[in-house]
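Observations on the three-dimensional arrangement
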2 protein chains.
Amino acid sequence: MRTRRKSEAIDSVSEGRVGNAPQNTGSNQRRRQNEILDAAAKVFAERGYYGASTQDIANVLGIRQASLYYYFSSKEIALELVCMKGVEGFFEAASEVAAKKISASEKVRGLVEAHLTPLLDRADFVKTFLNERQYLPPASRKKVGKLSRAYERVIEKVIAEGIANGEFRKGLDPRLMTLALLGMCKSVASWLGKEDAYAVPKVSQEYARILLGGIANSGR
Amino acid sequence: MRTRRKSEAIDSVSEGRVGNAPQNTGSNQRRRQNEILDAAAKVFAERGYYGASTQDIANVLGIRQASLYYYFSSKEIALELVCMKGVEGFFEAASEVAAKKISASEKVRGLVEAHLTPLLDRADFVKTFLNERQYLPPASRKKVGKLSRAYERVIEKVIAEGIANGEFRKGLDPRLMTLALLGMCKSVASWLGKEDAYAVPKVSQEYARILLGGIANSGR
DNA sequence: ACCGGATTCTATAGATCAATAGATAGATCG
DNA sequence: CGATCTATCTATTGATCTATAGAATCCGGT
């Protein structure tokens, strides 16, 4: 069924309760919700939002497909939550780096590292955010996009700052540079773990170096 | 229906005939096939392979869903053809650049340009190749992956060559650098047309400059 | 041991999807 | 004018998908 809504099931995300389940005495429910989200993230990251069925998610958990709906009122809401968890932290981490009293170059290093580090422990959420957010319903996409754009603006500002203080070259376009940085980093999610010679610390170090100094042999 | 096959419909791609249609007197059929492919590419690029229905493709063309099967025996084959058309040319164009008698730096510039230029007139095919090839059935994925890896090797070789002749710095990892270049370029497909301040020539010039010299203000 | 809420299950609705079968309109050519 | 080929149509099949309804089970507290 594509669109049908009549019960009092909660459709939007609010106060951690997502769906029509009553709150529990302890935090068991919250814990279980996170397990379900983990499974959803895994399946979304692996097969894409439309390629993944709610049945697939249930299979990961070893429960029945319908049982998912005790926790989530729709597949779309699950996607929204996974995407939010995939993007949240990016803005904060980047803001922290940007606020530090270090050179713009060092900030760029920090930004790359901050972008790649979440791949270590939340890869499925990050990948889903990066690749599947386009399939969110408009309202959710707006919410996620807002966070996303704020994050981009932090990066742009660091670049602009570096240009202003002479650290970066004059003609550089902050927006285009931001897109370049994000593009480079985004693609890491797709091959990390497959290209097993490369782990996050090495990649972030090397990528930052490329962005800052290029590949040319300027030394000696 | 997911898997059903019993008629003599042609399942694999061979000699331009894809499906069970008899060949035409003229090239009308070939032309029509390309129109259908264009529509499929458009829809795949827009909504993803699983997010796009054969009905969507038919709607673009103004014909009935079932009519598509006169030209293509399955949705998967259409995806394979779109992906092949999206990747074909990359290897050749890159090989041409690599064979030129120019410096490695100029080759990198040429490689970036060669990667971004197809976005001008085949954006939907390229996007589908980049984002949807993962959903190909194993046999097709292998075929596409082969071309894809050959392309990557051309880039790696240019980088390695530049390191060997001292143009690029010593510690540089050709594979990682290739992934960086491809990542940067791949992401362009997702925002080109939306970030309307940037067109392909400007982007490829700027991206090549970032890769080669970085963003640092080394001059003066 | 029992009660009541929490959680999962069975069963099914209703919709959509890819693909097939066969009919039919249109063109081409004798 | 009739025959054949081309391209599209109508109609349908069977699978699969999201979501709902309501029954069954589990489990902690008393």
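Values in this document were obtained by computation on a predicted structure and should not be read as measured data.

What chain A contains, in helices and strands, is ten helices and zero strands. What you see in chain A, going N to C, is helices and strands ordered as α-α-α-α-α-α-α-α-α-α. Sequence-distant contacts in chain A: of pairs separated by 6 or more residues, those separated by 24 or more amount to 67%. Of the roughly 11,300 Å² that chain A leaves accessible, carbon and sulfur atoms contribute 49%.

It is worth spelling out the side chain of B:Glu132 at this point. By the secondary structure assignment, B:Glu132 is in helix H7 (residues 123–132). Summary of buried charges: B:Glu132 has no salt-bridge partner, and the nearest side chain of opposite charge, B:Lys75, is 8.9 Å away. The residues touching B:Glu132, leaving out its near neighbours within four places in the chain, are A:Tyr135, B:Phe44, B:Gly48, B:Tyr49, B:Leu79 and B:Lys127.

Mean pLDDT over chain A works out to 87, with 85% of the residues at or above the 70 mark. Predicted confidence for residues 1–25 of chain A stays below pLDDT 50, and this span has 36 contacts to residues more than four positions away or in other chains.

Let us now look at the relation of the copies chain A and chain B. The operation relating chain A to chain B is a screw motion whose rotation component is 180 degrees, with 0.0 Å of axial translation and a residual RMSD of 0.0 Å. Taken together, these values place the two copies in the relation of a two-fold axis. When C-alpha positions in chain A are compared against the rotation axis, the closest is assigned to A:Gly214, at 1.8 Å. Counting the interface residues of chain A, we find that 97% of their copies in chain B are interface residues as well, pointing to one common contact surface.

A few words on the environment of A:Leu119. Residue and element names in this part refer to chain A. Within the secondary structure layout, Leu 119 lies in helix H6 (residues 118–121). In sequence terms Leu 119 and Ala 180 are 61 residues apart; their C-alpha atoms lie 19 Å from each other. Setting aside anything within four residues of it in sequence, one finds Leu 119 in contact with Val 126, Val 188, Ala 189 and Leu 192.

Overall, the coordinates contain zero disulfides over all chains when judged by the stated rule. A:Cys83 takes part in no disulfide bond, and the closest cysteine sulfur, belonging to A:Cys185, lies 19 Å away. Between B:Cys185, a cysteine without a disulfide, and A:Cys185, which holds the nearest cysteine sulfur, the sulfur-to-sulfur distance is 15 Å. Taking the relative accessible area as the measure of exposure, B:Cys185 reaches 1% and is therefore buried.

On to the packing of helix H3 (residues 75–87) of chain A against helix H7 (residues 123–132) of chain A. All names here are of chain A. Where H3 meets H7, the closest approach of the two axes is 7 Å, and the angle between their N-to-C directions is 110 degrees. Between H3 and H7, the crossing angle belongs to the class labelled roughly perpendicular. Facing H3, whose interface residues are Leu 79, Val 82, Cys 83, Lys 85, Gly 86 and Val 87, H7 presents Phe 125, Val 126, Thr 128, Phe 129 and Glu 132. A per-class count over the contact of H3 with H7 returns seven nonpolar, two polar and two charged.

Across the boundary between the two partners, chain A contributes 39 residues, which contact 38 residues of chain B. For the pair chain A and chain B, the summed buried area comes to about 3,500 Å², and 59% of that belongs to carbon and sulfur atoms. One can count four salt bridges joining chain A with chain B. The residue B:Arg169 makes a salt bridge to A:Glu206 at a minimum N-O spacing of 3.2 Å.

This part covers helix H4 (residues 90–99) of chain B. All names here are of chain B. Taken as a whole, H4 has its buried residues at Phe 90, Ala 94 and Val 97. End-on, the buried residues of H4 take up no more than an arc of 60 degrees, which puts them together on one face. In H4, the exposed residues that point more than 90 degrees away from the buried face are Glu 96 and Ala 99. Buried-residue contacts for H4 involve helix H3 (75–87), helix H5 (104–116), helix H6 (118–121), H7 and helix H8 (138–164).

Our focus in this paragraph is the pattern of salt bridges. Residue and element names in this part refer to chain B. This structure, assessed with the given rule, holds 16 salt bridges over all chains. Between Arg 175 and Glu 152 there is a salt bridge whose closest N-O contact spans 2.8 Å. In this pair, Arg 175 is assigned in helix H9 (residues 174–191) and Glu 152 in helix H8, connecting sequence segments 23 residues apart. The same class applies to Arg 175 and to Glu 152, which are both buried. Where Arg 175 meets Glu 156, a salt bridge forms, and the shortest distance between an N and an O atom there is 2.8 Å. Taken as a pair, Arg 175 in helix H9 and Glu 156 in helix H8 lie far apart in primary sequence, 19 residues in all. Overall, Arg 175 belongs to the buried group, its relative accessible area being 17%. Taking relative accessible area as the criterion, Glu 156 reaches 21% and is therefore assigned partly exposed.

So, how was this worked out
Residues numbered from 1 in each chain as written. Chains lettered and ligands numbered in written order. Predicted model: local features only at pLDDT ≥ 70, side-chain atom pairs only at ≥ 80, totals over all residues. Heavy atoms only, no water. Helix = DSSP H or I, 4+ residues; strand = E, 2+ residues; numbered from the N terminus. Contact = heavy atoms within 4.5 Å. Areas by Shrake-Rupley, 256 points an atom, 1.4 Å probe, with all protein chains shown as cover. Buried < 20%, exposed > 50% of the residue type's maximum accessible area, 1.4 Å probe, protein only. Lys, Arg positive; Asp, Glu negative; His and termini not counted. Salt bridge = Lys/Arg side-chain N within 4 Å of Asp/Glu carboxyl O. pLDDT = per-residue confidence, 0-100. Least-squares fit on C-alpha atoms with pLDDT ≥ 70 in both. Disulfide = S-S within 2.5 Å. Axes fitted to C-alpha atoms, helices over the stretch in contact; angles between N-to-C directions. Parallel < 35°, antiparallel > 145°, perpendicular 65-115°, else oblique. Nonpolar A, V, L, I, M, F, W, Y, C, P; charged D, E, K, R; others polar. Buried area = accessible area lost by both parts, 1.4 Å probe. Arc of directions from axis to C-beta.

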